[in-house]
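# Observations on the three-dimensional arrangement
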Amino acid sequence: MMNAVLGSFSLGMWLGVAMAAFGLEPVPEQLVVLTFDDSAKSHFTFVRPLLKELGFGATFFVTEGFDFRDNKRDYMTWEEIAQLHREGFEIGNHTRDHLPLTVPNLEHYAEQLEAIATRCQEHGIPKPVSSAYPGNAIAVEGFDLLRRQGIVFARRGGAPEHDDDSGRGVAYEPGLDHPLLIPSAGDGRPGWTMDDFQRAVSQAKGGRIAVLQFHGVPDTAHDWVSTPGVRFRDFMLYLARHRFKVIAMRDLATYVDAAIVPTDPLGPIEDRRRRISKRKALTDGRLPASAEELSYWVSTMDDHGYSRGHMVAALDLPADQIDAELQRQSRQSGHVAESASGTIRVLPYPGGRHPRRGFLDGAIRPQRETKLSVFAPWQDGGYAVIDVPEAIWIRREDQRQLLYLAHTHIDTIWSQRNQELPALEWDRSRPGEYRVRRELPNHVAFGAKARYDERSLKIELFVENQSSETLRGLDVQNCVMLHGCPDFDSVAPDRLVASCPMIACGNASKTRWVISGWRGCTRTWGNPHCPCIHADPTFPDCEPGQTQRLLGWLSFYEGTDIETELRRIEPLEWEP
């Protein structure tokens, strides 16, 4: 009898899965979160009527800091703040004394948040679930404190990716950014132009959200963060004219599962900082090389059910050019390809959106040249994405190092040396077959050949050693991600049947299965956060001048006798 085998995960990781809300709405294109800091009087007298006229939501982060208590020329009264709440706006927590969240201030921070929550309660305002960091100072050591105070979402500034005084920022990427470290895409400044504003809101695409930070309009107490009223009105009219959806921060709960958090909250920030320092784009779009390539990728993305916004992000092209190509093909974005009854279909995964569900740790900027989508042979079955390889490890002087990784955030040998590997594409020139080959700076090459028929995908993964050293400890991770298969939202232990060289994951009724296998398998496991399954192999040691090969398998099965199906597959020829 084969046993289900699951990788080792912490209780917190399991709780994250248990709390995941699969019914969340997808992030719409052009989604903007509008926020205002510091209880400025103009929030009530100028901002409020304009937003009501336009039908925009917003969050007002209130504080009793500065001279709020005595100066009612520059600051709102609590009665005015309560009126904002009654008219549908969100009241967020900006601490009683505008206290920065730093490590020395941690012992006072709970009291600061409680003071505002109490004042809200006294005026009929719900306890805030959103907070903004005073002075945009952040300390991850305070996250537990924030959660205990009921804070679900917390906004920071545009730093440290950009200089805080510039007013520039980056878009919020749900599932990647920690919900208590939501960046500002723009922080309004006195000299802000329409170009500055458009640069901020233009980031709201491809699943990203533009969170805007303003202070007073105008800010009569703090002129260095003031926004002129006429210019602010132009900004808001731009949003209305271009049909942006403008919400309060609490409304992110419609689209964002705040239980999904990165293990390293600062990892995404550091990744962006590195890319900005190298003048590299923060998005991963790949501009098509020709009209034929544009046609191919739009069609392929449409087959994957991509929205227009995801196509824009993946292809780095204007929306109207995508629309023209869709119209030329008479296709509609959001369509999902159907395999013929009883047969599979295989396409390159197009990139531009993540093949994982929400757990993106260690998987920033996934590279599409390692990924193939295998469409299930039943109606509405969706597709699994196989990463060949996701990672290759090597052992040197008793140290395990990453020779290759199909995404970023975890350092490889090359990123540690500041060497960047070029983007590649699958060779699609042979019918029913895909090939890719990558040469590394140390004269080692690896790649894959994948051939498919009506029932299965067969894969050869190879490594060629033209270096002067013997390659040892060549452990490989080949991930099969199931996010695109609607029946497979879980890889809980009772759904897995596994024994090297194969692993199978069933749907809830265990009548449909995804099967993966690799010769040379040393470990089978499932990650519930992606969700994904692995039958990870190890290459034999590879001497200089040698080539080593591994053979893999992917198929689907309808039925209840999965163990018989696995016994049928194991002795078959897996050579592609």
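Up top is the structure these notes are about.
Thresholds, definitions, all that
- Residues numbered from 1 in each chain as written.
- Predicted model: local features only at pLDDT ≥ 70, side-chain atom pairs only at ≥ 80, totals over all residues.
- Heavy atoms only, no water.
- Salt bridge = Lys/Arg side-chain N within 4 Å of Asp/Glu carboxyl O.
- Helix = DSSP H or I, 4+ residues; strand = E, 2+ residues; numbered from the N terminus.
- Buried < 20%, exposed > 50% of the residue type's maximum accessible area, 1.4 Å probe, protein only.
- Polar contact = N/O pair within 3.5 Å; in protein donor to acceptor, adjacent residues only side chain to side chain.
- Axes fitted to C-alpha atoms, helices over the stretch in contact; angles between N-to-C directions.
- Parallel < 35°, antiparallel > 145°, perpendicular 65-115°, else oblique.
- Contact = heavy atoms within 4.5 Å.
- Nonpolar A, V, L, I, M, F, W, Y, C, P; charged D, E, K, R; others polar.
- Core = buried A, V, L, I, M, F, W, Y, C linked by side-chain atoms within 4.5 Å.
- Pairing = 2+ DSSP bridges.
- Right-handed = clockwise from strand over helix to strand, strands pointing away.

Tallying each qualifying case throughout the model produces 43 salt bridges. Between Glu111 and Arg96 there is a salt bridge, and its shortest N-O distance comes to 3.4 Å. Residue Glu111 is located in helix 4 (residues 106-122), and its partner Arg96 is located in the loop between strand 3 (90-93) and helix 4; the two are separated by 15 residues in the primary sequence. In this structure Glu111 comes out as partly exposed when scored by relative accessible area, which is 41%. Between Glu369 and Arg438 there is a salt bridge, and its shortest N-O distance comes to 2.8 Å. Residue Glu369 is located in the loop between strand 9 (345-348) and strand 10 (371-375), and its partner Arg438 is located in strand 13 (residues 433-439); the two are separated by 69 residues in the primary sequence. Take Glu369 and Arg438: they sit in the same class, and that class is buried. Overlapping salt bridges bring together Arg156, Glu161, Glu173, Asp177, Arg208 and Arg272 as one network.

With that settled, the discussion passes to the side chain of His407. With respect to the helices and strands, the residue His407 is situated in the loop between strand 12 (399-405) and helix 12 (413-416). In terms of polar contacts, His407 uses its side chain to reach the side chain of Glu390, at 3.2 Å.

Once that is clear, we can look at the packing of helix 9 (residues 291-303) against helix 11 (residues 319-329). In the contact formed by helix 9 and helix 11, the axes pass within 10 Å of each other and the chain directions differ by 80°. If you check the angle between helix 9 and helix 11, you find them roughly perpendicular. Contact with helix 9, carried on its side by Leu294, Ser295, Val298, Ser299 and Asp302, involves Gln321, Ile322, Glu325, Leu326, Arg328 and Gln329 of helix 11 and no other residues of that element. Class assignment for the residues of the contact of helix 9 with helix 11 results in four nonpolar, four polar and three charged.

Attention now moves to the nonpolar core. For soluble globular proteins, the rule of thumb is that nonpolar side chains tend to be buried together. Membership of the largest hydrophobic core comes to 72 residues, with the highest contact counts inside it found for Ile386, Leu403, Leu474, Leu482 and Ile533. Setting aside residues up to four positions removed in sequence, Ile386 forms contacts with Thr370, Lys371, Leu372, Val374, Leu457, Ile459, Cys479, Val480 and Leu554. Residues Ala58, Trp78, Phe244 and Val246 belong to the second largest nonpolar core, which totals 40 residues.

On strand 3, burial covers both faces: Glu90 and Gly92 on one face and Ile91 and Asn93 on the other are all buried. Taken together, the four bridges between strand 2 (residues 59-62) and strand 3 define a ladder with parallel strand orientation. Across the sheet, Phe60 pairs through a bridge with Ile91, a residue of strand 3. In this fold, strand 2 hands off to helix 3 (residues 78-86), which returns the chain to strand 3; that crossover is right-handed.

Before going further, it helps to examine the environment of Glu439. Mapped onto the fold, Glu439 is located in strand 13. Overall, the relative accessible area of 57% leaves Glu439 in the exposed class. On a C-alpha basis, the gap between Glu439 and Pro422 in space is 9.8 Å, while along the polypeptide they are 17 residues apart. Excluding anything up to four places from it in sequence, Glu439 contacts Val444 and Ala445.

Glancing now at unusual backbone geometry. Along the chain, Val217 connects to Pro218 via a cis peptide bond; the corresponding omega equals 0°. In this structure, the amide linkage connecting Val388 to the following residue, Pro389, adopts the cis form with an omega of -5°. Note on placement: Pro389 falls in strand 11 (residues 383-396). The phi torsion at Thr95 lies on the positive side, around 70°, for a residue other than glycine. One can find Thr95 in the loop between strand 3 and helix 4. Backbone geometry at Asp316 places phi at a positive 55°, although glycine is not the residue there. Inspection of the secondary structure assignment puts Asp316 in the loop between helix 10 (308-315) and helix 11.

Below, the discussion takes up the pairing of strand 12. In this structure, strand 11 lies alongside strand 12, joined through six bridges in antiparallel fashion. For Trp393, the partnering residue across the bridge sits in strand 12 and is Leu402. Connecting strand 11 to the next strand, strand 12, in antiparallel fashion are two residues, including Glu397 with a positive phi near 50°.

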